[in-house]
Structures are given as structure tokens and as C-alpha cells.
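This is what each chain is made of:
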Amino acid sequence: MVGITQSGSGIPVVDLSPFLAAAAEDENMAVEKKKAMEAVKEACSEYGLFQIVNHGVPTALIDRALQLSADFFDLPDGEKRKFTSKPAGGAALPSGYNRRPFHSPEKNEFLLMFHPSSPFNVYPTNPPHLREVMEEVFVWLSKTGWLMEGIINDCLGLPAGFLQQFNSDRKGDFMSIRRYFPAAEDEDRGLTAHQDGNSVTFILQDDAGGLEVLRNGEWIPATPTPGSIIVNIGDVIQVLSNNKFKSSMHRVVRPKGRSRYSFAFFYCLPAEKWVEPLPEFTEKVGELPKYRKFQFKEYTQLRMRDVMDPPQRPEDSVTITHYSIN
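Predicted, not measured: the structure shown is a model, and the values here were computed from it.

Student: How should I be thinking about the state of the cysteines in this particular structure?
Tutor: Think of a disulfide as a covalent bridge from one cysteine sulfur atom to another cysteine sulfur atom. In the structure shown here, the tally under the stated rule is zero disulfides. C268 takes part in no disulfide bond, and the closest cysteine sulfur to it belongs to C44, at a distance of 17 Å. On the accessibility criterion, C268 (4% relative accessible area) is buried.

Student: How should I be thinking about the nonpolar core in this particular structure?
Tutor: Considering soluble globular proteins, one finds that nonpolar side chains tend to be buried as a cluster. Among the nonpolar cores identified, the biggest contains 90 residues, and F50, V137, L141, M148, I151, I152 and M175 are the most heavily contacted of them. No other element matches helix α5 (residues 130-155), which puts 11 residues into this core. When residues no more than four places from it in sequence are discounted, the contact partners of M148 are L16, F50, I52, F202 and V231.

Student: It is not clear to me how the packing of aromatic side chains should be interpreted in this structure. Could you clarify?
Tutor: Describing an aromatic ring pair means giving the distance of the ring centres and the angle of the ring planes. Applying the stated criterion to the full structure yields 10 aromatic pairs. Judged by centre distance (5.2 Å) and plane angle (65°), the rings of F72 and F73 are edge-to-face. The residues F72 and F73 share a single accessibility class, namely buried. Between the aromatic rings of F294 and Y299, the centroid separation amounts to 5.6 Å while the plane-to-plane angle is 70°, which identifies the pairing as edge-to-face. When sorted by exposure, F294 lands in the same class as Y299, which is buried. Here the aromatic cluster, defined as three or more aromatic residues joined through ring pairs, consists of F72, F73, F83 and Y97. Lying over the aromatic face of W140, K143 brings its terminal NZ or CZ to 5.1 Å of the ring centre. Lying over the aromatic face of F166, K273 brings its terminal NZ or CZ to 4.5 Å of the ring centre.

Student: Sorry if this is basic, but what is going on with helix α3 (residues 59-73) here?
Tutor: With 15 residues, α3 should cover 21 Å at 1.5 Å per step; its first-to-last C-alpha distance of 22 Å lies within 8% of that length. Residues of α3 that are buried include every one of L61, I62, A65, L66, L68, S69, A70, F72 and F73, and no others.

Student: Before we go on, may I ask you to explain the sheet that holds strand β9 (residues 211-215) in this structure?
Tutor: Within a sheet, adjacent strands bond to each other through the backbone by hydrogen bonds, running parallel or antiparallel. Pairing is antiparallel in the open sheet, where four strands are placed in the order β7-β12-β9-β10. Among the strands making up the open sheet, the edge pair consists of β7 (189-194) and β10 (218-221). Ignoring strand direction, the axes of neighbouring strands in this sheet form an average angle of 30°. As paired elements, β9 and β10 share four bridges and run antiparallel to each other. The partner of V213 across the bridge, within β10, is I220.

The rules behind each value
- Residues numbered from 1 in each chain as written.
- Predicted model: local features only at pLDDT ≥ 70, side-chain atom pairs only at ≥ 80, totals over all residues.
- Heavy atoms only, no water.
- Disulfide = S-S within 2.5 Å.
- Buried < 20%, exposed > 50% of the residue type's maximum accessible area, 1.4 Å probe, protein only.
- Core = buried A, V, L, I, M, F, W, Y, C linked by side-chain atoms within 4.5 Å.
- Helix = DSSP H or I, 4+ residues; strand = E, 2+ residues; numbered from the N terminus.
- Contact = heavy atoms within 4.5 Å.
- Phe/Tyr/Trp six-rings, centres within 6.5 Å; stacked < 30°, edge-to-face > 60°.
- Lys NZ or Arg CZ within 6 Å of the ring centre and 35° of its normal.
- Expected span 1.5 Å × (residues − 1).
- Pairing = 2+ DSSP bridges.
- Axes fitted to C-alpha atoms, helices over the stretch in contact; angles between N-to-C directions.

The following block contains the structure:
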């Protein structure tokens, strides 16, 4: 299945097998690798969101992680709140358990962790083995981020390894494990329409569905494919490429009669990093930059402020257009 398809998924599905270590050494895979590169390039340009299969992350681990997360969120609220913390170490969000404020239009609860080496992580002790599975998923998705960043780099025609060197510090990565409550009769929003502010997001989702991406004014469902991972291009890539690749506008619609469980891994820049359109997409090709320079931590703090204390008017939320050059 090397290449790109839409069949049964609603969004592009890309086979990453040509990029894995054993396949990369096979000269016969060169053609298939080129096809997959073209598929990623098309998906990043047209959707900003796609699914990957044959990505190397064990399917059994994904299934176990989703089951353990469901077991945790099924615990009584009082038990879950034992694992709540306050923001520490300069982090904009607290690790451990939390849930959206009552007045938030987004109805979900989540468990957040930073890099496994972080001293600020708060792990549930129940169910058993949840911590070790969370950490294992984190490590695998970090590897997937490194691989995908290299693929995106080559799709953009940047010097070999440029993005991986630009974003070599993994201390800013974090992962959110979420439960979306069943839809009510009069509302079904799990996540309002938004773009992610980081570089790349990876999403593991159960079979409940509900994730949708906006393309040409139409909401397209990212129907789960067994064993797949969603790749979501974020604002950092959009800015660096000067809009050559798009940060996907996406949302989650909660299903009726059941909860939805997912893992979202945010592959981020170091907080102190400055972001602006690269010269390869501006002065070197005779185009004006579409964004002004900004520091990643400034943007993250503004975005996280809106997450924890949503503004009364959605139009007051900070998005990447905050840095647009008109």
C-alpha cells in the first residue's frame, strides 16, 4: 500500500514502510520511497492531516495504551483528581489529570505528561502498568517524530537534516491522553475547530471516530484505520514553509452513546527557539514573508492561556494569524 489513498478513511493514508531501517537499505524500494514522498507532500499541501501505516509503532502497544487509558478515565472523579498538579518548571500546563473548565465548549478530560525524564510528571498508580505504557508510547512517538520531520524536510526541499537540527531538543515535547464524553442531545463538541501550534502532532485514536479536518470548506472525517497514526501538521511548519505546507484546521465531534479515547503527542520546538519563514521560501524565491518573527514560548503561553481559561468570544482566541503580515 505504498503511496496515498483515501479509500475508507476520508483522508490520505500514507505507507511509511519504505522509510524504515530495513527497507531503506533495499535499492528496490527507491521507487516506492519516492511515491511515499510525493504522497506526504500532497497531503501536507492539501490537507495538513493524514494517516500513516507501517510506521513501526507496535499495534499491540497502541491497543493496550488505549485500553489502559479507558480504564483510568472510568475511575471515580475523586480517585482521578488525586493525580492533579499545578504548572511547574515553567510549563504552561500542569502534568497529571485535569479536565476542561465547566464553561468551556469542549467536553473532555485529559492526562498530560512531559518527557519521561521530566521531574514534573504526575503518574496514576491505577490501573497498574499505565505509567510504563505511557512512557513507552512517548518514546515510540518521539522516534516517529524524528522520522516524519526528516520526511517533511525532504519534501520541502530543505538541506538534508535541516529540520532535525533546527528542532533537536526533545525536552519540550508532551503527550495528552484524552477522554471525550458522549455527545448530549443539544451539543457534541469535543474540540472546537483549531490548528495546532507546534511542529507535528501524532494522534492514536480508538474506533469511535469524530476527528475531522477542514478542506475546501468541507469537514472531512478522519475515519480510524486499524493500527494507523494520524499526522497533523502544525503552525510551526506552516510558518517555516511560508504557507507551502498547511497547518490543518481540525475538530473533534463527540459520538453519541459512547466515549472517545485518544493519545495526542505534540512534537515541539524548544521554548526559546525563534520562528519565522525560512529564506528558502522567501528571499531565495522572491516571495515576501507572510509572518513576523516570534519566539515559540510566547506563542505557546498565549495558546495555553486560552486552553485553561477560554475567552468568552471564540474570535478572541490567539491563533497563528496573530503573527501574520498583512
